[in-house]
Structure formats: structure tokens, C-alpha cells
Amino acid sequence: MSASVAATTHDRVARFPDAKVSQWRVIGAEWLKLRTLRSTVITLAAACVVVVGFAAMAAGVVSGDITPETNGAGPAGQMPLMTVDPTSIAMAGTSLAMLILGSLGVLFMSGEHSSGMIRTTMSAVPQRLPVLWAKALVLVVVSAVLMTASVFAAFFLSQAILEGNGPTAALSDPGVTRALWGNVAYLVGVTLMGLALGSLLRSSAGGIATLFAGLLVVPGLLGLVLPDSWGNAIMPYLPDAAGQSFTLVDPSAGSGFGPGFGASVDLLTPGTGALVFVVWVVGLIALAATLLHRRDV
Amino acid sequence: MIELTNLTKRFGKKVAVDDVTLTIRPGVITGFVGPNGAGKSTTIRMILGLDRPTSGEVRIDGRPFAGCDAPLRTVGALVDSKGAQAGRSAYNHLRVLARTNGIPQSRVDEVIEIVGLTEVANQRVGSFSMGMGQRVGIAAALLGDPQTVILDEPANGLDPEGILWIRNLMKALAREGRTVFVSSHLMSEMALTADHLVIIGRGKLMVDMPMSQFIDEKAQKSVLVRSPRAGEVAELILSAGGAITRRDDGALEVTGLTAPAIGDLAGASGLHLHELSPRGSSLEDVFMAMTQDAVEFHAQSDLDAIEAHHLPRARHEGTPS
């Protein structure tokens, strides 16, 4: 053994003169990391299946429900029965996909902490921050590509199922294209929030719990606790409500926070909501970067 | 070459590493020894930039490692366990690491062969035994063909054959002019491996000298003496310049005098000896005694008057305070 070491290393000064760390190389490494864990590949596939599958199922259910009344009849006069927005039917799976992708974001960083891999990674990239940027970029590109394909596939598939059984939406309808892109952006943003929380908390369970508490539980609790005037001032700016302002076709209808709470909040306009959501995502990533730079690994 | 200057790390009130100044030179194996919790791993993590020093600094080949643009070429490190994610194969783990620094794929195959994992390289790291996990970590350390190699407890989980292998590997690396810094909590293992010895106890640097010098100076010979009139024998020995440790069973452990000299002293005064046996104290004993003192001075209360006078001088030698 020692002989082979000597044979491979005696001319070491000249061996890898180009072996330097760079942002692009770290991006390549993180891309390889994502692909070489079976769990992340399965998770990504699951998110796609959920988005498309639930859209098809929801559309099928809705079509089935209204078939007896509408079958064979003219389109006029059936509208009152259909209270569900056809784009919302198409997006039936996005909230579950959000849970899946958010968890993936957390695990992409927390998995390195729980395994000790983080010390290997940071010894190879002692500047540290390129690792976070690379993970963020890889997650953004992968989730954006997969979710764009899934969201639009879900839309066209569900509208095809709904076709002939009630109202359908078209990309040219007001707000529809924006809502679809909004769903893609929201899913990408939640993935990044997961990454930030995974880096901040260094714990898979803690990161996932915090992410979903922040997105799903806190708004409902605040709705119960806060007086209406405060609630209307604060709640539209929470990440979940800010997201709804650009993921819904018609955000001006307002939104309820969680079943049973009944609190309805005026949502922001899509543009303002998107800006607020971006501030949340960028803020969390910036906090994660600051602490990643400062803390002990 | 690794230079630590007044390196200090506090975790809250606890001082993990206390004002350590040390130069680790290339071309030799430097053994870094201390009991668990002495600050070895914290020191190594600070060298690698993983822990930020509270004060002081570390330079590797003259530069701080945090700004290093060729980290894997500069330092290869095995820190803690395997340092790899369980779900990834050993091969892909090393590919990922190589890619961060632009190290060619062919080198991944090379290091896998060097550490003897060729057969299992495509298996998940999670399925590996601890010894195989150590080999993955060592392969990662060798990946960049680094000038400095830092191995934290590399013998952990290795079988005797593996320990011999890692010892020969480190010797080969040092022979090639690299800086080799290896930690262990076992003095006996380091005595066989290291050329230079650094001992740390309770965060403080206690020993920084060539291993051969340490063995000559510290692994002193002692003589075990038993006598029905031990008190009188002890007085004779002390007046002749010997130092004594009284054991629990009443025997005297004498240093500074040879067995024949003690026998002559006792005989000249007509004192009977029931035992007079020379013995060498092992490095492990010396190390334990030194680092125990650094942890706490708990032995003092058990010492009788003779020891209280003479032990501190003998045992605290070399202990900075």
C-alpha cells in the first residue's frame, strides 16, 4: 500500500496545478450531490407526480360531480353549480408539492450536518458561502424546470378533463398565466426557504417543522389572536398570504387562513405580494449566509 | 507547515483551547495526543477553518486557510467519523469532493485504490463498517495530493492490519516532505508512529518535543521497594536524593536511584527489604499522569507527607502553569 502511495504522489508539486476551488466548480459538485442521492431524486419525482396527479384527480372528481346535471345540456344555465375556479382545480396538488419541495430544501443542507458531510464540504470549500449559493442555484434551476413542466402539464391535463363538463380556463384568460407562473415561483421560493432554514437550524426535523409552522400554522394562530385591524395590517405580509396574492387567479376575493378559523384577509396585489414574498425568501437566505459565515461548522 | 499563534477557543465559559502556540513542521509525523475532551478536535477544526478561533490565528504554509483558493491541494483532512452522507456511494462521495476543486476524475479512482476500497466503491457509505468509513475519509484526505495531511483519530475502527497500514501510509507521506499531523488519545500508538510529539491537556500545550527526547526524559525507570520498616527506608532514599511515590499497598516507588544503590543504602543501615524490583514506567503511564494533573489536582489529597514534598516537583515538570 505504501508503495503505491509513493508511486502516485512523489511528483506531487506538479500533479494538479489546476485544482482550485471556484463558484462554478462548487455548483457542479452540488448538482452532482443532488443527483447522487436516491432520496432527492425520488422526492423531486414525487413533487412532479403530485402536481400533475392531483390536478387530474381533482378535475375528474369535479367533472364527475357535475356530470349528471350538465351532461347533454347547453353550457348556459349551468354556471351557478360550478363555484370552483378551474385554475384552482389545476393547482390542487401544489400545496402538497410545496411540502415535498420545502422538505427537500431543508434536507439538502441539514443532511450534511446530520451526517458530518458538512465538515468535509467546508474543508474543501473553506470560503463556505459558495456552497450555499451553489445549493440555492441548483435548487432554483431544478425546481423551476420541473415545476414549470408539472404546473403547465397539470393545467392542460385538468382543463382537458374538465372540457365539456363545465367551465374551463385558458391561458389567455385574465390572471391565469400569471397564476400558473406564480405557482411555479411560489414552489421555487418555498424550496429556497427550506434551504435557508436547513442551514440556520442544521436539523432536518427542526427545519421542516419551522418551515411548515411558519407557512401554515402561524397565519391561523395569528388570525385567532390578533384583533381584526392588526390582522389586516400584518397577515397579508406573511409568506403564505403574500404567495396567495400571485398564485390565485383573482386575489381580490381575499383569503381564509386555514379551515375553521374563518378569518378572511384582504390580499395584496400580485405585484406587491410577489415583492413581499421575494423579500421573505431573500431575507431568510441572507440570514442563513450571515450565520454560515460566522458560526462554527 | 502549520503555525498556530496564541490560538484560543472558548465555548461560553469553558476554555477548550488555551493560548496554544505551535509550529507543525513538514517531513515528519507530528503526533497530537491528549485525553478525550483535551481540545484536540477543536484545535484541528480551527486549523481547517471549521471553528472560528476566539483569539489567535492559524496559518497553513504561511496563509490563513479560509482564503485558500486550492484547499484540497493544500490540506487533506480526516475529521471525525466518515464525513460522508450515508445514501451516497463512496465513489460518488469522492467525485463530489473532487469536483469542488477541479480535481480530475482519474484521481478519484487512484485514491480508492490506495485505500483499498475498489471492490465496494459503488456501495452506499451507510452500509460500510466503521473501518471502511475511515478509509473513505482517508481517501478524501488524499484526493488533492495535499502538502499537509491532518488525520483526527485515524486508527478509530481500524483492525490491527488497518492500523499498520495507516501507520505506513503516514510514514510514506512524511517521507515525501509533507506535513503530517495526526491525533490520538492513545500514547502507545503515537510512540510507534510519530517523530514529533505534541501533548495537549485541558486545552493547554504541555509537550512539544521530538518523540525520542520525550521517551528519554519522561519514560523514567523506577524501582519498587517493599520493607517492613518502609518509613525509615524512605528517609534514607530521600536523603540520598531519590524521589518516592507511595503506593496504596504500602510499597515505595522510587525514582532517581538504582536498585543496587537502594539495596546498599538499606543494607548499610541494617534495614530489611522484602522486594527490590526495577521497572520501566510506560509512556501511557507518564502521559496519564501528566494529563491528569492538567485536568485536576485530585491526587493531592491522597498523598502522604513524603509525597507532598517530592511529587509535585517530579510530576509537574514540563507543565506550564
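Now for a quick tour of the structure. (Residues numbered from 1 in each chain as written. Chains lettered and ligands numbered in written order. Predicted model: local features only at pLDDT ≥ 70, side-chain atom pairs only at ≥ 80, totals over all residues. Heavy atoms only, no water.)

**Focus on the overall build of chain B**
Next, step 1: Within chain B one finds twelve helices and 13 strands.
Next, step 2: Taken over 321 residues, chain B has a buried fraction of 50%.
Next, step 3: For chain B, long-range pairs separated by at least 24 residues make up 69% of all intrachain contacts whose partners lie at least 6 apart in sequence.
Next, step 4: When the accessible surface of chain B is totalled, it reaches about 13500 Å², and 52% of it is carbon and sulfur. (Helix = DSSP H or I, 4+ residues; strand = E, 2+ residues; numbered from the N terminus. Buried < 20%, exposed > 50% of the residue type's maximum accessible area, 1.4 Å probe, protein only. Contact = heavy atoms within 4.5 Å. Areas by Shrake-Rupley, 256 points an atom, 1.4 Å probe, with all protein chains shown as cover.)

**With respect to the overall build of chain A**
Next, step 1: Of the regular secondary structure elements, chain A holds twelve helices and two strands.
Next, step 2: Taken from N to C terminus, the helices and strands of chain A fall in the order α-α-α-α-α-α-α-α-α-α-α-β-β-α.
Next, step 3: A separation threshold of at least 6 residues defines the contact pool for chain A, and within that pool the share at least 24 residues apart is 78%.
Next, step 4: Only carbon and sulfur atoms are counted for the fraction: they give 70% of the accessible area of chain A, which is about 12800 Å².

**Things to note about the nonpolar core**
Next, step 1: Counting 146 residues, the largest nonpolar core has Leu195 of chain A together with Ile2, Met187, Ile199 and Phe214 of chain B as the members making the most contacts within it.
Next, step 2: Counting residues per element, this core draws most heavily on helix H8 (residues 176-201) of chain A, at 14 residues.
Next, step 3: When neighbours within four sequence positions are excluded, Ile199 of chain B is seen to be in contact with Val33, Met187, Lys204, Leu205, Met206, Val207, Phe214, Phe287, Met290 and Thr291 of chain B.
Next, step 4: Core analysis: the second largest hydrophobic core is formed by 14 residues, Val223, Ile237, Ala259 and Ala266 of chain B among them. (Core = buried A, V, L, I, M, F, W, Y, C linked by side-chain atoms within 4.5 Å.)

**A look at unusual backbone geometry**
Next, step 1: The backbone of Arg202 of chain A shows a phi angle near 60 degrees, a positive value even though the residue is not glycine.
Next, step 2: Within the element layout of this structure, Arg202 of chain A appears in the loop between H8 and helix H9 (204-225).
Next, step 3: For Arg202 of chain A, a relative accessible area of 26% corresponds to the partly exposed category.
Next, step 4: If you check the backbone angles, Asn6 of chain B has positive phi at about 45 degrees while not being a glycine.
Next, step 5: Turning to its location among the elements, Asn6 of chain B is positioned in strand S1 (residues 2-11).

**Looking at the interface of chain B and chain A**
Next, step 1: The interface of chain B with chain A comprises 53 residues on the first partner and 45 residues on the second.
Next, step 2: Buried area between chain B and chain A, both sides added, is near 4200 Å², and the carbon and sulfur share of it is 57%.
Next, step 3: Counting every contact that joins chain B to chain A gives three salt bridges.
Next, step 4: A salt bridge links Asp69 of chain B to Lys20 of chain A; the nearest nitrogen and oxygen atoms lie 3.7 Å apart.
Next, step 5: Along the contact surface separating chain B from chain A lie 17 residue pairs in polar contact (both at pLDDT 80 or more).
Next, step 6: Elements represented by at least two residues in the side of chain B that touches chain A include exactly S1, helix H2 (71-74), helix H3 (90-100), helix H4 (105-114) and helix H6 (160-175) of chain B.
Next, step 7: Ranked by residue count, the leading element in the side of chain B that touches chain A is H3 of chain B, at seven residues.
Next, step 8: Its residues assigned to classes, the side of chain B that touches chain A comprises 21 nonpolar, 15 polar and 17 charged. (Buried area = accessible area lost by both parts, 1.4 Å probe. Salt bridge = Lys/Arg side-chain N within 4 Å of Asp/Glu carboxyl O. Polar contact = N/O pair within 3.5 Å; in protein donor to acceptor, adjacent residues only side chain to side chain. Nonpolar A, V, L, I, M, F, W, Y, C, P; charged D, E, K, R; others polar.)

**Some thoughts on the pattern of salt bridges**
Next, step 1: With the rule as written, the count across this model stands at 20 salt bridges over all chains.
Next, step 2: Between Arg178 of chain B and Asp145 of chain B there is a salt bridge, with its nearest N and O atoms 3.1 Å apart. Note that Arg178 of chain B is positioned in the loop between H6 and strand S7 (179-184) and Asp145 of chain B in the loop between helix H5 (130-142) and strand S6 (148-152), a separation of 33 residues in sequence. Each of the two residues, Arg178 of chain B as well as Asp145 of chain B, counts as buried.
Next, step 3: If you follow the salt bridges from partner to partner, you end up with Arg15 of chain A together with Arg107, Glu110, Asp145, Glu176 and Arg178 of chain B in one network.

**Some points on the packing of aromatic side chains**
Pairs of aromatic rings are described using the distance from one ring centre to the other and the angle between the two planes.
Next, step 1: Going through the model one piece at a time under the given rule, you end up with five aromatic pairs over all chains.
Next, step 2: Geometrically, the ring pair formed by Tyr186 of chain A and Phe277 of chain A is tilted, given 5.0 Å between the ring centres and 35 degrees between the ring planes. Pair noted here: Tyr186 of chain A is in helix H8 and Phe277 of chain A is in helix H12 (residues 270-294), with a separation of 91 residues, a long-range link. Each member of the pair, Tyr186 of chain A together with Phe277 of chain A, is buried.
Next, step 3: Members of the aromatic cluster, joined through ring pairs, are Tyr186, Phe246 and Phe277 of chain A.
Next, step 4: Seen from the ring of Phe108 of chain A, Lys135 of chain A lies directly overhead, with NZ or CZ sitting 4.2 Å from the centre.
Next, step 5: When the ring centre of Trp165 of chain B is taken as origin, the NZ or CZ atom of Arg135 of chain B, which lies over that ring, is 4.6 Å away. (Phe/Tyr/Trp six-rings, centres within 6.5 Å; stacked < 30°, edge-to-face > 60°. Lys NZ or Arg CZ within 6 Å of the ring centre and 35° of its normal.)

**A short note on the packing of H5 of chain B against H6 of chain B**
All names here are of chain B.
Next, step 1: Here H5 crosses H6 at 10 degrees, and the two axes come no closer than 13 Å. Taken together, the axes of H5 and H6 lie roughly parallel to each other. Judged by residue contacts, Arg135, Ile138 and Leu142 of H5 engage Gly162, Trp165, Ile166, Leu169 and Leu173 from H6.
Next, step 2: Across the contact of H5 with H6, the residue classes break down as six nonpolar, one polar and one charged. (Axes fitted to C-alpha atoms, helices over the stretch in contact; angles between N-to-C directions. Parallel < 35°, antiparallel > 145°, perpendicular 65-115°, else oblique.)

**Quick look at the environment of Arg45 of chain B**
Next, step 1: Along the chain, Arg45 of chain B turns up in helix H1 (residues 40-47).
Next, step 2: Look at Arg45 of chain B and you get buried, because its relative accessible area is 15%.
Next, step 3: Measuring from C-alpha to C-alpha, the distance between Arg45 of chain B and Ser239 of chain B comes to 50 Å, with 194 residues separating the pair along the chain.
Next, step 4: Among residues more than four places away in sequence, those in contact with Arg45 of chain B are Arg119 of chain A together with Leu50, Asp51, Val79 and Asp80 of chain B.

**Describing the packing of helix H2 (residues 23-35) of chain A against H3 of chain B**
Next, step 1: Between H2 of chain A and H3 of chain B, whose axes approach to 7 Å, the crossing angle comes to 165 degrees. By the criterion of interaxial angle, the relationship of H2 of chain A to H3 of chain B is roughly antiparallel. Here the hand of the crossing between H2 of chain A and H3 of chain B comes out left-handed. Together, Arg25, Val26, Gly28, Ala29, Leu32, Lys33 and Arg35 of chain A of H2 of chain A and Arg95, Val96, Arg99 and Thr100 of chain B of H3 of chain B make up the contact between the two elements.
Next, step 2: Of the residues assigned to the contact of H2 of chain A with H3 of chain B, the class counts are four nonpolar, two polar and five charged. (Left-handed = near helix turned anticlockwise from the far one by under 90°.)

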